[in-house]
Amino acid sequence: MEHLNKALTALLATLLLLAPLLMASDPDPLQDFCVADLNGKPSVNGYPCQPSSSAGDEFLFSTKIASGGDPLANPNGSNVTELDVNEWPGLNTLGVSMNRVDFAPGGTNPPHVHPRGTEVGMVTRGELLVGIIGTLDSGNRYYSKVVRAGETFVIPRGLMHFQFNVGKEPATMVVSFNSQNPGIIFVPLTLFGSSPPIPTPVLVKALRVDAEVVELLKSKFTGGY
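Residues numbered from 1 in each chain as written. Predicted model: local features only at pLDDT ≥ 70, side-chain atom pairs only at ≥ 80, totals over all residues. Heavy atoms only, no water.

- For the chain, the name recorded in an unreviewed UniProt entry is Germin-like protein, with Urochloa decumbens as its organism.
- Reading the Subcellular location (unreviewed entry) entry of the UniProt record for the chain gives the comment "Secreted, Extracellular space, Apoplast".
- Check the Sequence similarities (unreviewed entry) section of the UniProt entry for the chain; it says "Belongs to the germin family." (UniProt positions renumbered as here; feature names shortened; annotations may be inferred.)

## Some words on the pairing of strand β3 (residues 108–113)
For a regular strand, side-chain orientation follows a simple rule: the groups alternate between the two sheet faces.
Stage number 1. Counted residue by residue, β3 has five buried out of six residues, so it is predominantly covered.
Stage number 2. Bridge count between β3 and strand β8 (residues 160–165): three bridges; the pairing is antiparallel. The residue of β8 that forms the bridge with His-112 is His-161. (Buried < 20%, exposed > 50% of the residue type's maximum accessible area, 1.4 Å probe, protein only. Helix = DSSP H or I, 4+ residues; strand = E, 2+ residues; numbered from the N terminus. Pairing = 2+ DSSP bridges.)

## A short note on unusual backbone geometry
Stage number 1. Here the residue pair Ser-195 and Pro-196 is connected by a cis peptide bond, since its omega of -5 degrees sits within 30 degrees of zero.
Stage number 2. Relative to the helices and strands, Pro-196 resides in the loop between α2 (187–192) and α3 (200–207).
Stage number 3. Here Arg-208, not a glycine, exhibits a phi torsion of approximately 60 degrees, which is positive.
Stage number 4. Topologically, Arg-208 is positioned in the loop between α3 and α4 (211–220).

Below, the structure written as structure tokens:
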């Protein structure tokens, strides 16, 4: 027993001495830029870097969200133009990204969650109802406001939210994230269009509806948005 106690004491002392080294980290970039090599395998903080000699000035600039897509191209009446690290390799390791979203009148960006980023947005034309739903900690409180051109909003990381064009004209917003790849979980698509599908009895219990209703909803989301 005495030998065991001495061994445990020695192990604890070693761990205490190593703790500062184990916890040491530098989340900030260690170089001016790290243009993503999209053919490489992503690691914890991004893609491997291209050689500096192969990265021209263009990695610092992008025109991708200067124009948007057709909001009538899908049933939601909205179109998202993404500008994350996969679309703009110069963002690699910088922890930022942007999206442009265009809305037809009555169009919506359906309820969704960004699991890896806080969102800050500005409406650049039209007027959008922005809705944010808090967690159970807040009693699932619903926060909302009609945001007009030139006005801004913020959505904390991980909270469900949506935007809906309440105007009679097309609307556009530009949003930024504190993540180079914030991710997105569309709530309706996740529940009713997952692959493989969530078992119907689970959704019947969770949603408190008949199986026929669940099957109908699943049929609406087969193949995604």
